[in-house]
Amino acid sequence: MTNKLKYKRQAAFSLMEVLITILVVSIGLLGFAALQINALNSSIDTFSRSQAVLLLEDASARIRNNRAYTYTDKIEANAYTNNSADFFTWCDIEKNSIPKASCAAGSSCTYSKLAKEDIYQVCQSLVNTKLPNAIIGSKCFDRDTSDGDSCSVGSRLSIYMAWKGFARKDVSGQENYNQNTRCQTEVSLGNDYACVQLEMVP
């Protein structure tokens, strides 16, 4: 009788150990899953920013290749900035605002048309990135406001690319993606936009 009672106590104790082990392992697995999701979110953000950097480098290279345009754009509004006091939007995926090609391959084009073609090509690349609600634009901070040129030679040109960010509440604890950067203060984008800026002197 005593042996049977002892066996039952041992069996019950072993079952309790198993339940505790399952609980501890489950908590560990949940923590590991959260880390994996967080890593995935970081990877998506890193990939998006890498795409943005490549696109802006392409845009800046095109502008530098058309450097002669900065010497002749007094005649009409600068195609890259539209002589705007604010940031000029090249294209906006959310609003389906995509420019058309302006200079056929192999044809002789003016500097202005080449600039507009640059914007078209960059915007086509932007469409191909598939980034959600992506926008690209630029602004010239004119070095000399007295010469009648909205973007004088040697002025600082700022190009930006923005897209709707993404945050999981179960990982970040945030209800929504929220940013407070120069793109929010200078470009007047919403706090739900991630952004990369590149500045250059053409």
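Residues numbered from 1 in each chain as written. Predicted model: local features only at pLDDT ≥ 70, side-chain atom pairs only at ≥ 80, totals over all residues. Heavy atoms only, no water.

S.K.: Summarise the overall build of the protein; cite the residues concerned and give the values.
M.R.: If you tally the helices and strands in the protein, you get four helices and four strands. The order of α-helices and β-strands along the protein, N terminus first, is α-β-α-β-β-α-α-β. Summarising the internal contacts of the protein: among those between residues at least 6 apart in sequence, 68% fall at separations of at least 24. Accessible area for the protein stands at about 12,500 Å²; split by element, carbon and sulfur atoms hold 56% of it. (Helix = DSSP H or I, 4+ residues; strand = E, 2+ residues; numbered from the N terminus. Contact = heavy atoms within 4.5 Å. Areas by Shrake-Rupley, 256 points an atom, 1.4 Å probe, with all protein chains shown as cover.)

S.K.: Quick rundown of unusual backbone geometry? Include the residues and the values.
M.R.: Positive phi is not limited to glycine here, since Asn-82 has a value of about 60 degrees. Position of Asn-82 relative to the elements: it lies in the loop between helix H1 (2-65) and strand E1 (88-92).

S.K.: If you had to explain the pattern of salt bridges to someone new, which residues and values would you point to?
M.R.: By the definition in use, this model includes seven salt bridges. A salt bridge links Arg-182 to Glu-186; its shortest N-O distance comes to 3.2 Å. According to the relative accessible area criterion, Glu-186 is partly exposed, its value standing at 33%. For the salt bridge of Glu-199 with Arg-182, the shortest nitrogen-to-oxygen distance reads 2.7 Å. Pair noted here: Glu-199 is in strand E4 (residues 193-200) and Arg-182 is in helix H4 (residues 182-185), with a separation of 17 residues, a long-range link. A single salt-bridge network, built from bridges that share partners, covers Arg-156, Arg-182, Glu-186 and Glu-199. (Salt bridge = Lys/Arg side-chain N within 4 Å of Asp/Glu carboxyl O. Buried < 20%, exposed > 50% of the residue type's maximum accessible area, 1.4 Å probe, protein only.)

S.K.: I'd like to hear about the layout of surface pockets, residue by residue, with values.
M.R.: The space that makes up the second largest pocket amounts to roughly 180 Å³. The wall of the second largest pocket is formed by Glu-76, Ala-77, Asn-78, Ala-79, Asn-82, Phe-88, Trp-90, Pro-99, Lys-100, Ser-112, Lys-116 and Ile-119. Residue assignment for the lining of the second largest pocket shows that the elements contributing at least two residues are E1 and helix H2 (111-129). Broken down by element, the lining of the second largest pocket gets its largest block of residues, three residues, from H2. When its residues are assigned to classes, the lining of the second largest pocket shows six nonpolar, three polar and three charged. (1 Å grid on protein atoms, 1.4 Å probe; cavity = no way out; pocket = protein on both sides within 12 Å on 5 of 7 lines; lining within 4 Å. Points joined across faces, edges and corners; volume = space filled by probe spheres on them. Nonpolar A, V, L, I, M, F, W, Y, C, P; charged D, E, K, R; others polar.)

S.K.: Describe H2, with residues and values.
M.R.: Since the α-helix advances by 3.6 residues per turn, residues separated by three or four positions end up pointing in the same direction. The end-to-end C-alpha distance of H2, which contains 19 residues, comes to 27 Å, matching closely the 27 Å that a straight helix rising 1.5 Å per residue would cover. Positive phi appears at Lys-130, one or two residues downstream of H2, with a value of about 65 degrees. (Expected span 1.5 Å × (residues − 1).)

S.K.: Tell me about the sheet that holds strand E2 (residues 135-141), residues and numbers included.
M.R.: To summarise the sheet geometry, strands pair through backbone hydrogen bonds and adopt either a parallel or an antiparallel arrangement. Spatially, E1-E2-E3-E4 is the arrangement adopted by the four strands of the open sheet, whose pairing is antiparallel. The open sheet is flanked by E1 and E4, the only strands paired with a single partner. Neighbouring strand axes in the sheet, compared pairwise and without regard to direction, differ in orientation by 15 degrees on average. Relative to strand E3 (residues 156-164), E2 runs antiparallel, the two sharing seven bridges. Across the sheet, residue Ile-136 finds its bridge partner in E3, namely Met-161. (Pairing = 2+ DSSP bridges. Axes fitted to C-alpha atoms, helices over the stretch in contact; angles between N-to-C directions.)

S.K.: Can you lay out the packing of aromatic side chains for me, pointing to particular residues and giving the numbers?
M.R.: Summed over the entire model, instances satisfying the criterion amount to four aromatic pairs. Ring geometry for Tyr-80 and Trp-90: centres 6.2 Å apart, planes at 40 degrees, overall tilted. Residue Tyr-80 is located in the loop between H1 and E1, and its partner Trp-90 is located in strand E1; the two are separated by 10 residues in the primary sequence. Residue class for Tyr-80 comes out buried when judged on its relative accessible area of 3%. For the pair Phe-87 and Tyr-160, a centre-to-centre distance of 5.5 Å together with 85 degrees between the ring planes defines the contact as edge-to-face. Linking Phe-87 in the loop between H1 and E1 with Tyr-160 in strand E3, this pair joins segments that are 73 residues apart in sequence. One exposure class covers both Phe-87 and Tyr-160, and it is buried. Through pairs of rings, three or more aromatic residues link up here, namely Tyr-69, Tyr-80 and Trp-90. The aromatic ring of Phe-141 is capped on one face by Arg-156, whose charged end is 4.0 Å from the ring centroid. (Phe/Tyr/Trp six-rings, centres within 6.5 Å; stacked < 30°, edge-to-face > 60°. Lys NZ or Arg CZ within 6 Å of the ring centre and 35° of its normal.)

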